[in-house]
Amino acid sequence: MAPVALVRPVKETSPERAPERVCFPFAAIVGQEEMKQAILVAAVDATIGGVMVFGDRGTGKSTAVRALAALLPPMRAVAGCRYNCDPAQHAALCPECRAKRAAGELRSVRVPIPVVDLPLGATEDRVVGALDLERALTRGEKAFEPGLLARAHRGFLYIDEVNLLEDHLVDLLLDVAASGENVVEREGMSIRHPARFVLVGSGNPEEGELRPQLLDRFGLSVEVKTPTDIADRIEVVRRRDTFERDPAVFAARWKREESRLRRTIEAGRSRLPAIQVPDAAIERAACLCMALGADGLRGELTLIRAARALAALEGADAVADSHLRRMAPPALRHRLRRNPLDDAGSSARIERAVAELFGA
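None of the values given here were measured: they were computed from a predicted structure.

## Structural notes on the packing of aromatic side chains
Okay, so step 1: With the rule as written, the count across this model stands at 4 aromatic pairs.
Okay, so step 2: Ring plane angle 75° and centroid distance 5.2 Å describe the contact between F24 and F243, whose orientation is recorded as edge-to-face. Here F243 lies in helix α9 (residues 230–245) and F24 lies in the loop between β1 (8–9) and α1 (33–44), a separation of 219 residues in the sequence.
Okay, so step 3: Overall, the relative accessible area of 7% leaves F243 in the buried class.
Okay, so step 4: Through pairs of rings, three or more aromatic residues link up here, namely F24, F243, F250 and W254.

## Structural notes on the pattern of salt bridges
Okay, so step 1: Evaluation of the coordinates by the stated rule reveals 12 salt bridges.
Okay, so step 2: With its nearest N and O atoms 2.8 Å apart, the salt bridge here joins R239 to E235. Of this pair, R239 and E235 both sit in helix α9, 4 residues apart, which is roughly one turn of the helix.
Okay, so step 3: By relative accessible area, R239 is classed as buried at 18%.
Okay, so step 4: A salt bridge links R240 to E244; its shortest N-O distance comes to 3.2 Å.

## Some details on the side chain of K36
Okay, so step 1: Assignment of secondary structure puts K36 in helix α1.
Okay, so step 2: The exposure class of K36 is buried, given its relative accessible area of 11%.

## Side note on unusual backbone geometry
Okay, so step 1: Phi angles above zero are rare outside glycine, and R154 is one such case at about 70°.
Okay, so step 2: Summarising the element assignment, R154 is placed in the loop between α6 (148–152) and β8 (156–160).
Okay, so step 3: With relative accessibility at 24%, the residue R154 sits in the partly exposed group.
Okay, so step 4: Phi is positive for E161, which is not a glycine, with a value near 55°.
Okay, so step 5: Secondary-structure assignment places E161 in the loop between β8 and α7 (167–179).

## Some words on the nonpolar core
Okay, so step 1: In this structure, F26, L220, L288, L303 and L332 are the most contacted members of the largest nonpolar core, which totals 68 residues.
Okay, so step 2: The element contributing the most residues to this core is helix α13 (residues 298–313), with 9 residues.
Okay, so step 3: With near-sequence residues (within four places) excluded, F26 lies in contact with K36, I39, L40, A64, A67, L68, L71, E258 and L261.
Okay, so step 4: Counting residues in each nonpolar core, the second largest holds 28 residues, with A122, L157, V162 and F197 among its members.

Rules used throughout
- Residues numbered from 1 in each chain as written.
- Predicted model: local features only at pLDDT ≥ 70, side-chain atom pairs only at ≥ 80, totals over all residues.
- Heavy atoms only, no water.
- Phe/Tyr/Trp six-rings, centres within 6.5 Å; stacked < 30°, edge-to-face > 60°.
- Helix = DSSP H or I, 4+ residues; strand = E, 2+ residues; numbered from the N terminus.
- Buried < 20%, exposed > 50% of the residue type's maximum accessible area, 1.4 Å probe, protein only.
- Salt bridge = Lys/Arg side-chain N within 4 Å of Asp/Glu carboxyl O.
- Core = buried A, V, L, I, M, F, W, Y, C linked by side-chain atoms within 4.5 Å.
- Contact = heavy atoms within 4.5 Å.

In structure tokens:
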């Protein structure tokens, strides 16, 4: 009979330790409310499917995503695991953690939620993992060196200029996003490891279209534009200039607000399972998607999940019309067919349909 495995916490490092590179605080970003709301909603519920941020250059897209890393609360992971396995999810453990659990050696630590950058020039080996050449040459052993997908497990995978990503990497991401598992078969190795992450992409539509298959994998799609309000533009310049002159001091000024946002995310995650979704809300979502001619049923599912996460984030007990109204544009704008008889863009069509269904 196998010994009973207990998950023993080990001594933890403080999550408040200063990072090597200070990021611009999420709370200090001026405007771009829809983008910030979508990122916070995705942080509360990872099953929404990630966020795609399209818009003008220099509007804070990359800044917001990278600021997320410092904002997220830490998570529990198996000590020493290369894939950040969750010690509470026994069925989802990697083979190495399963062996530790069988031997009663499974220990847990609190680690930062990973936010991993996938650069455009990354090779397939760098993304999926490959043979560890050092061990192969020095010890004659075949060992697997995990890639970016392993590092991003249970966290966020960020792709800047995602519309310029090479097709073979797009196909790879589609397969992993659909299965939640990375399969590597090469050099006589066959490796499987969990790879569930929130995919976050950003790009400028003027530089190229995003493949429809990949766009459909993003739960939410956000449009950002250059601010037209003079006060907002002045405040953006003032804050950015102050940050660049002394990043540590600027971040310290926003520490209290960052802590408040972190507590809000933690509270939202705790409330999420208890949020009620009335049948009336599901009917509203279905009627809206039918009125817009959205393809498939992914639109309804994403809209309901996003509205539920927003309700949890705001401390509500149930999904209401106000949550559906606010999450409809990011959940549906990238799922609409082009109507040759309607010159209005996706956002305008959604706003019009929402006004007709919910009232002005």
